[in-house]
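These are the residues of each chain, in order.
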Amino acid sequence: MTGFRLTSPGPSALRPAAFGADPGGERMARIRRSPNFKDGVFQNPGGVARTRPSGSALDFAKIYFDKDARLRRAPQGTVPVHATTLADLARPAATGLRLTWAGHSSVLVEIDGQRVLFDPVWGERCSPFPFAGPKRLHPVPLPLAALGPVDVVVISHDHYDHLDLPTIKALAGTDTLFAVPLGVGAHLEHWGVSATRLRELDWHEDTKVGGLTLTATPARHFCGRGLRNTQHTLWASWVVAGEEHRVYHSGDTGYFDGFREIGAAHGPFDATMIQVGAYSEYWPDIHMTPEEGLRAHLDLQGGVPGGVLLPIHWGTFNLAPHAWAEPGEWMKDVADEAGQAVALPQPGEPFEPAGKVPTERWWRGVSAPVERAWHRPGPVQASASAVPPRDELDLAGDR
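Position numbers for residues count from 1 along each chain, tracking the sequence in the order it is written. Selection of residues for local features in this predicted model requires a pLDDT of at least 70, selection of side-chain atom pairs for listing and counting requires 80 or more, and totals for whole chains, interfaces and linings are taken over all residues. Derived side-chain values reflect all non-hydrogen atoms in the structure, with water molecules and hydrogen atoms excluded from consideration.

**Points about the overall build of the protein chain**
Put simply, the rule reads: Runs of H or I in DSSP of at least four residues are treated as helices and runs of E of at least two as strands, each being numbered from the N terminus. Three exposure classes are used, based on accessible area relative to the maximum for each residue type with a 1.4 Å probe and protein chains only: buried under 20%, partly exposed in between, and exposed over 50%. Contacts: residue pairs with any heavy atoms within 4.5 Å of one another. Computed with a 1.4 Å probe, the accessible areas rest on the Shrake-Rupley method; for each residue, only the protein chains presented here act as cover.
Looking only at helices and strands, the protein chain features 10 helices and 15 strands. The buried share of the protein chain, reckoned over its 399 residues, is 58%. Sequence separation of 24 or more characterises 72% of the internal contacts of the protein chain that already satisfy a separation of 6 or more. Surface accessibility of the protein chain: about 16,300 Å² in total, with carbon and sulfur atoms responsible for 54%.

In structure tokens:
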């Protein structure tokens, strides 16, 4: 989530519970030992990333608060939500891999007999306060309890639209495990999650959950929840590999060369969940446009179309100046041009990447027209210096 951050700490007695807790003790000592922590803060791959709006604040305000633009940033009617039930999700995935997008970056992945829940946000607002902040543009597709048992909850970073206090408190009453980036465990412990249920990882570290291997991989973003941002909690993308299937969740990230390395080490993937919403020319380093998201997917796949791309981080909250439907509309266009399969489910609609993938532009019935079509001189391609796929690297090593 992109946002403005205040710098004064404020009295600790008035600190809202949603602000979480700063890392300390052995957790902070481990953070200081991280190769990704330097000069008192976590570092981004590719150098410093701009985390605040660049350019003229007046120009930004004119765009963001323009009446016509504000209307385009919200649906014009009731967003269709798929009527998924507990019975639907209790039925095993026929192909061994099923994804259910609950909106924004929240995805339930049923993979090789286990269930992984990414960035669950069931709260009404992505904010520390129940009365202010970005509010849902559609209801949650189904109650959290209707998901059924979850083996592991994976958190990409600690921004409010990815780490939601009401949702975590509800899940804290279950026996699920939590896989989180380094430092984020401090928030969860503060909210009642036992340390024994935490798997807290630095980039390139992994953990086993049943038959799955979960690996924290780099991303280009930032962190912070309170009135001050100490940059002491890491942000990450995630790889989940089972016996038969592999998936990737980008979390929030700008485009960077690291997608090639992640794909070479862990891909190719049956499905990727790629952030393509809340982008803007005012913060180009920390979120991706649909074009950049497609390029990231192709990099992850070794430079060629493959698997299924599920666009995430759009449709649920108004977090940027672009039109509400623009990420979905443009992602469909660029993916079709590149010959890449893209899944466009309604919120709550399960699908299996190896089966019938939803591709209908369901948002058009409730969206203002997207003002400009997606025009490019040619289809998006992977980076020119894409790393060979993992299998080719293995063979090269044998030679």
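**Details of helix 5 (residues 165–172)**
A turn of α-helix holds 3.6 residues, and therefore any two residues three or four places apart point the same way. Basically, it comes down to this: Taking the helix axis as origin, the arc is that swept by the directions to the C-beta atoms.
Turning to helix 5, its buried residues are Leu165, Thr167, Ile168, Leu171 and Ala172. Viewed end-on, helix 5 has its buried residues packed into an arc of 160°, placing them on one side of the element.

**Some details on the sheet that holds strand 7 (residues 177–181)**
Here is the rule we go by: Strands pair, by our definition, only if DSSP identifies at least two bridges between them.
Taken in spatial order, the seven strands make up an open sheet running 8-7-6-5-4-3-15, and their pairing is mixed. Each end of this open sheet is capped by a strand with a single partner; those strands are strand 8 (198–201) and strand 15 (350–351). In the sheet, strand 5 (residues 114–118) pairs with strand 6 (residues 152–154) via three bridges, with the strands oriented parallel. Bridge pairing in strand 6 places phenylalanine 118 opposite valine 154.

**A closer look at the environment of leucine 86**
Residue placement: leucine 86 occurs in helix 4 (residues 86–90). When its relative accessible area of 44% is taken as the criterion, leucine 86 is described as partly exposed. With 61 residues separating them along the chain, leucine 86 and leucine 147 place their C-alpha atoms 6.0 Å apart. In this view, leucine 86 contacts Ala146, Leu147 and Gly148; residues no more than four positions away in its chain are not counted.

**A few points about the side chain of glutamine 275**
Note the threshold: Under this definition, polar contacts are N or O atom pairs within 3.5 Å; protein pairs additionally need one hydrogen-donor-capable and one acceptor-capable atom, and for neighbouring residues in sequence, both atoms have to be side-chain atoms.
Looking at the element boundaries, glutamine 275 is found in strand 13 (residues 271–275). Among the polar contacts made by the side chain of glutamine 275, one reaches the main-chain carbonyl oxygen of glycine 277 at a distance of 3.0 Å. Of note is the side chain of glutamine 275, whose polar atom sits 3.2 Å from the backbone nitrogen of methionine 288. Each residue touching glutamine 275, except ones within four places of it in the same chain, is listed here: Ser250, Gly251, Asp252, Thr253, Ile286, His287, Met288, Ile312 and His313.

**A look at the pairing of strand 9 (residues 206–209)**
It is a general feature of regular strands that their side chains alternate between the two faces of the sheet. Residues Thr207 and Val209 point to one face of strand 9 and are all buried, whereas Asp206 and Lys208, pointing to the other face, are not buried. Sheet analysis places strand 9 next to strand 10 (residues 212–217), joined by four bridges and oriented antiparallel. From the neighbouring strand, threonine 207 faces strand 10, where its bridge partner is leucine 214. What sits between the antiparallel neighbours strand 9 and strand 10 is a turn of two residues, in which glycine 210 has the positive phi angle 60°.

**What about the nonpolar core?**
Applied cut-off: In plain words, nonpolar cores are sets of buried Ala, Val, Leu, Ile, Met, Phe, Trp, Tyr and Cys residues tied together by side-chain atoms within 4.5 Å.
If you look at the biggest cluster of nonpolar residues, it comprises 69 residues, and the most contacted ones within it are Leu99, Val109, Val116, Leu214, Trp238, Met273 and Leu310. Setting aside residues no more than four positions away along its own chain, leucine 99 makes contact with Val107, Leu108, Val109, Ala271, Met273, Leu310, Glu349, Pro350, Phe351 and Pro353. Counting 38 residues, the second-largest nonpolar core is a separate cluster that includes Ala102, Ile155, Tyr160 and Val193.

**Brief notes about the pattern of salt bridges**
Where we set the bar: Throughout this description, the term salt bridge denotes a Lys or Arg side-chain nitrogen within 4 Å of a carboxyl oxygen of Asp or Glu.
Inspection of the entire model under this criterion finds 12 salt bridges. Between arginine 364 and glutamate 329 there is a salt bridge whose closest N-O contact spans 2.3 Å. One end of the pair, arginine 364, is in the loop between strand 15 and helix 10 (390–398); the other, glutamate 329, is in helix 9 (residues 326–338), and 35 residues separate them in sequence. Judged by relative accessible area, glutamate 329 falls into the buried class, the value being 9%. With a shortest N-O distance of 3.0 Å, arginine 361 and aspartate 333 are connected by a salt bridge. Taken as a pair, arginine 361 in the loop between strand 15 and helix 10 and aspartate 333 in helix 9 lie far apart in primary sequence, 28 residues in all.

**Comments concerning the sheet that holds strand 11 (residues 237–241)**
Sheet strands associate in pairs through backbone hydrogen bonding, adopting either a parallel or an antiparallel arrangement. Put simply, the test is: Here the axes come from fitting lines to C-alpha atoms, over the contacting stretch only for helices, and the angles between their N-to-C directions go from 0 to 180 degrees.
The sheet built from six strands is open, its strands ordered 9-10-11-12-13-14 with mixed pairing. Each end of this open sheet is capped by a strand with a single partner; those strands are strand 9 and strand 14 (308–312). With direction set aside, neighbouring strand axes in the sheet form an average angle of 15°. Pairing analysis gives five bridges linking strand 13 to strand 14, with the strands arranged parallel. Each residue of the ladder has a partner; that of isoleucine 274, found in strand 14, is proline 311.

**Side note on helix 8 (residues 290–300)**
Counting buried positions over the 11 residues of helix 8 gives nine, a clear majority of the element. Within helix 8 the residues assigned to the buried category are Pro290, Glu291, Gly293, Leu294, Ala296, His297, Leu298, Asp299 and Leu300. Looking at the buried positions of helix 8, the neighbouring elements they touch are strand 12 (246–249), helix 7 (258–266), strand 13, strand 14 and helix 9. Within two residues after helix 8, glycine 302 carries a phi angle of roughly 80°, on the positive side.

**Brief notes about the confidence of the model for the protein chain**
The condition that has to hold: Each residue carries a pLDDT value, the predictor's own confidence for that position, ranging from 0 to 100.
Residues with a pLDDT of 70 or more make up 85% of the protein chain, whose mean pLDDT is 88. Contacts of residues 1–11 to residues separated by more than four positions or lying in other chains number 33 contacts, the stretch itself having pLDDT below 50. Predicted confidence is poor over residues 387–399, with pLDDT under 50, and the contacts of this stretch with residues over four places away or in other chains come to 16 contacts.

**Details of unusual backbone geometry**
The peptide bond linking glycine 267 to proline 268 adopts the cis configuration, its omega dihedral lying at -5°. Note on placement: proline 268 falls in the loop between helix 7 and strand 13. Despite not being glycine, histidine 204 shows a phi value in the positive range, around 75°. Mapped onto the elements of the fold, histidine 204 is located in the loop between strand 8 and strand 9. Positive phi, close to 65°, is recorded for alanine 278, a residue that is not glycine. The residue alanine 278 is located in the loop between strand 13 and helix 8 in this model.

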